[in-house]
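A closer look at the structure
These are the residues of each chain, in order.
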There are 4 protein chains.
Amino acid sequence: MVKVIMHGCNGKMGQVISGLIAADPDMELVAGIDARDDGHNPYPVFTDIAKCDVAADCIIDFSAAVAVDKLLNYCVEKKIPCVLCTTGLSEAQLAKVDEAAKKVAILKSANMSLGINLMLKLLKEAAGVLAPAGFDIEIVEKHHNLKLDAPSGTALALADSINEEFDNEYEYVYDRSTRRERRPKKEIGISAVRGGTIVGDHDVIFAGADEVVTFSHTAYSKAVFGKGAVQAAKFLAGKPAGMYNMSNVIDAAM
Amino acid sequence: MVKVIMHGCNGKMGQVISGLIAADPDMELVAGIDARDDGHNPYPVFTDIAKCDVAADCIIDFSAAVAVDKLLNYCVEKKIPCVLCTTGLSEAQLAKVDEAAKKVAILKSANMSLGINLMLKLLKEAAGVLAPAGFDIEIVEKHHNLKLDAPSGTALALADSINEEFDNEYEYVYDRSTRRERRPKKEIGISAVRGGTIVGDHDVIFAGADEVVTFSHTAYSKAVFGKGAVQAAKFLAGKPAGMYNMSNVIDAAM
Amino acid sequence: MVKVIMHGCNGKMGQVISGLIAADPDMELVAGIDARDDGHNPYPVFTDIAKCDVAADCIIDFSAAVAVDKLLNYCVEKKIPCVLCTTGLSEAQLAKVDEAAKKVAILKSANMSLGINLMLKLLKEAAGVLAPAGFDIEIVEKHHNLKLDAPSGTALALADSINEEFDNEYEYVYDRSTRRERRPKKEIGISAVRGGTIVGDHDVIFAGADEVVTFSHTAYSKAVFGKGAVQAAKFLAGKPAGMYNMSNVIDAAM
Amino acid sequence: MVKVIMHGCNGKMGQVISGLIAADPDMELVAGIDARDDGHNPYPVFTDIAKCDVAADCIIDFSAAVAVDKLLNYCVEKKIPCVLCTTGLSEAQLAKVDEAAKKVAILKSANMSLGINLMLKLLKEAAGVLAPAGFDIEIVEKHHNLKLDAPSGTALALADSINEEFDNEYEYVYDRSTRRERRPKKEIGISAVRGGTIVGDHDVIFAGADEVVTFSHTAYSKAVFGKGAVQAAKFLAGKPAGMYNMSNVIDAAM
């Protein structure tokens, strides 16, 4: 039984994870931390992490950057591993995360979904085989019409994952309408589709002579990030100090 | 039985169409025209169209712009309808086509595939329903890595077909990486994927609140253009003088 | 301003529709009906429809079959049009719906999503063009792993919509593993994929010589049915007595 | 420079491979073997393999079962490795292949396309991660309307590749229309779509909670098998005696 403290338990992701753990016979949510609480959770909730005295095997964090300093202090002091999902940390906070990871296990990833993290890994292998055989590589991502940036951070992470295999020789191209030429070999086209409420689709396309191999990931809701965090917590419980990411979770499962 | 003369019978498309007509019990290829001939076709071939004295119900043309003037003269003189598929005509030739159409039936379209021409028609209806209901419109096209231009002429024709329904209020956007903003409502994103030997894929995406409707067309070979030309020839045989296009063929079939 | 009464306001769909109407400047939710209420809605809720004395232009119903008889009585008596989305009605109730439609406007459809209802309409046109040109028709639907029946009712409705165009000459085939033969022309293959939490994907595939046209619909949540119901309510307000369905809503929008 | 003899050089695949090798600066087609020849190839052609005295590093075979016995004798005698692509060998011939592989390198695979063979490999890894995390596995394949069997041999090979990872605990299901129940966990649904001239599409779908990962392969022509054979010949040249398959080619490339 893996005992978990949910940091940010009353946020949207905190509630999603509460549900996922409640349905998992191998896990137990023993306490929550949140700045506000109305008592509706079936576990004790502390509005100040310093007052939480419940023993746990792992903390899952989906909170806000402002709460992360106290969280890291707590993890180090109590020697509880932490799956850290809050984004937008400052440089100083990132340095503090590194420091904490010398004393306790910390897991941090750009994207918590199991599917995307598996793709990040398999794409390296696929590109290693297909690119030398002449396949061109393209990425198409689709997101909702409120997303401000393009392409998505995940699309760039997928491209980077491939590019690392080739000493970063590939250039990324976002617009072909302004040129008139054959496609250069060492390029990855990245297209960003925006519309409706699409949560996040990513296609990585390897196009060769008369055959195309495509790796696709579709997210149907933000709950997938919760699912990945729960997997990560199971993995991290009992691990020695150090910095981990989702690819370690996947490697351990294989 | 529709009797056809194939203009440009020894070119790639001419041979494709020869095969399609041979397999069609309602059609007969009665003669071919080509600058060069080695006698391998099962029908008589004339290297000079002026010498062709075979009666026919329609001419299908996949030749070269240089041969089109004599072709038009022949059609007008013999009163034979013509499915004109050669592209890259000069302004003077286009004017001559219009003149010829006053005396004989001429059919000319940007894309001869039945599938794309059906989509051009249905998209107008779809956009008329979905755009007012808040759906965003996006197009993704994919072609081989030798294609020089982007986006494809067919992708632009699909976008134009929709835009006409809305007084051309929509702007086309080819690159979102250089801005940081919510998607404007009156925009159609057009993405161009390039790779391998992809003949031509076109997706038109209507993305709304929690649902997405997609119209997709995949071409597996250039033979689809031949198929459309054969359909067009059946339609055009016996028609009065005038300018026709593939949407007339589709309307007649419905 | 279209004033709506929500019948079944505290159910999942009732709450979804409450949110959609709150965000629509042209509509107002003036009252709710539900067997149970805890007072959390911003509009008055009646636990007995007979006691609801609020004037409205339309009722939207997502309740339970047991509540439909009283609902129909109410609509007829108050002359309020009704978008009836509850399924599983008895034969007697369906007869009662028909009776009610003689006195007040009633709208009822197998699937309330705008996208699927548009596809039902466009597929007839597409099949009318493509089937005579030799295209084969196939349907692939995907749903979550808890769904008991296969294929989905919506997949069958899509097939029926096409089949009606051809005097129901097409046979549906669900399994090709038990035979060894070329595909018969007058057949529609319907494949059912089951897995995870997929809300509902439907692909209708027209496969011809070297080209494939696909119509796809993806639902990301059950909210799409709410959206369709809201569209329907706007349409139905002020309409004379009669039986309507979602295709009337679409026709009116075109 | 890898010198190749093409066995079956005047067949469709033989001509495809002739073209591929002509375009490859690292390979040379030094001789062809075929029962019939009209002298149109740019390399010497022998109608009897026993008379071929041209030195080569590898033989590529796309011929007919009846020609395979003499081919194997030749390979063993001359010590030339062989990429054996002819299918439909008898039990006696398969035994002879095994014997030959003790003396010379022989490569034989169910499907010669690089893309499918890569997928066979990556799917094992993907299933090892995703199945324990609760993802359901489904396969959808699409082929032309003349194909007699369903599902395709390649779809079954993909399923088997996954099933081997789980001690063959998964059952394959081809029809869900005859039952009414929740999807069993240990099942792989395999759907077969048939239509038009589709060369061969294969989707392997992993559907989890709120996310779906799909591996897709599309073949645009049978030339992809030629491309795989050429890759295999490069790999096999110089290899010691033994039985190889396409996964060895892929492993070597990684």
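Residues numbered from 1 in each chain as written. Chains lettered and ligands numbered in written order. Predicted model: local features only at pLDDT ≥ 70, side-chain atom pairs only at ≥ 80, totals over all residues. Heavy atoms only, no water.

1. Overview of the environment of C:V213
Rules: Strands here mean DSSP runs of E at least two residues long; helices mean DSSP runs of H or I at least four residues long; both are numbered from the N terminus. Residues are treated as being in contact if the distance between any of their heavy atoms lies within 4.5 Å.
Following the sequence through the fold, C:V213 ends up in strand β11 (residues 211-219). Along the backbone, C:V213 and C:M119 are 94 residues apart, and their C-alpha atoms lie at a distance of 13 Å. Residues in contact with C:V213, not counting those within four places in the same chain, are B:G115, B:M119, B:S216, B:H217, C:L130, C:V204, C:I205 and C:F206.

2. A closer look at the relation of the copies chain C and chain A
Put simply, the rule reads: Least squares is the method for superposing the copies, and the C-alpha atoms it fits come from residues with pLDDT of at least 70 in both.
In screw terms, the move from chain C to chain A is a rotation of 180° and a rise of 0.1 Å along the axis, fitting with an RMSD of 0.1 Å. Overall, the copies show the geometry of a two-fold rotation axis. Minimal C-alpha distance to the rotation axis in chain C is attained by C:Y220, lying at 2.9 Å. A shared binding surface is used by both copies, with 100% of the interface residues of chain C retained as interface residues in chain A.

3. Quick notes on the relation of the copies chain A and chain D
When chain A is fitted onto chain D, the two copies agree to an RMSD of 0.0 Å after a turn of 180° and an axial shift of 0.0 Å. Interface overlap between copies: 100% of the residues of chain A at the interface are likewise at the interface in chain D, consistent with a symmetric, same-surface contact.

4. So, the sheet that holds strand β8 (residues 171-173) of chain B
This is how the line gets drawn: Note: two strands are recorded as paired if DSSP finds a minimum of 2 bridges between them. To get an axis, fit a line to the C-alpha atoms, keeping to the stretch in contact for a helix; angles then go from 0 to 180 degrees between the N-to-C directions.
Ordered by their spatial adjacency, ten strands build an open sheet running β8(B)-β9(B)-β7(B)-β10(B)-β11(B)-β11(C)-β10(C)-β7(C)-β9(C)-β8(C), and the pairing between neighbours is mixed. Across the chains shown, the open sheet's two edge strands, defined by having one partner strand only, are β8 of chain B together with β8 (171-173) of chain C. Direction aside, the axes of adjacent strands within the sheet are offset by 20° on average. The sheet contact formed by strand β10 (residues 200-207) of chain C and β11(C) spans eight bridges and is antiparallel.

5. So, the UniProt feature "binding site: NADP(+)" (unreviewed entry) in chain A
Our working definition: UniProt positions are given in the numbering used here, feature names are shortened, and annotations may be inferred rather than shown by experiment.
Mapped onto the present numbering, the UniProt feature "binding site: NADP(+)" (unreviewed entry) falls at A:R36. The topology assignment puts A:R36 in the loop between β2 (27-33) and β3 (45-46).

6. A word on the sheet that holds strand β4 (residues 58-61) of chain C
Residues and elements named next belong to chain C. Read from one edge of the open sheet, seven strands run β3-β2-β1-β4-β5-β6-β12, paired in parallel fashion. Edge positions in the open sheet fall to β3 (45-46) and β12 (242-244), since each of these has one partner strand only. Looking at chain direction, strand β5 (residues 82-84) and strand β6 (residues 105-107) are connected through two bridges and run parallel. Looking at the pairing, C82 lines up with I106 of β6. Most of the contacts of helix α1 (residues 12-22) go to strand β2 (residues 27-33), to which it runs at about 155°, and overall it touches β1 (2-7), β2 and β4.

7. Digging into the nonpolar core
One broad rule of soluble globular proteins: the nonpolar side chains tend to lie buried together. Cut-off, in case you're wondering: Take the buried Ala, Val, Leu, Ile, Met, Phe, Trp, Tyr and Cys residues and link them wherever side-chain atoms come within 4.5 Å; each set so joined is a nonpolar core. Only protein chains enter the accessibility calculation, which uses a 1.4 Å probe. A residue is then buried if its area is under 20% of the maximum for its type, exposed if over 50%, and partly exposed in between.
B:I60, B:V83, B:F206, C:I60, C:V83 and C:F206 are the most contacted members of the largest nonpolar core, which totals 109 residues. Look past the residues within four positions of B:V83 in its chain and what remains in contact with it is B:C58, B:I59, B:I60, B:D61, B:L107, B:M112, B:A229, B:A232, B:A233 and B:L236. Counting residues in each nonpolar core, the second largest holds 108 residues, with A:V83, A:L123, A:V129 and A:F215 among its members.

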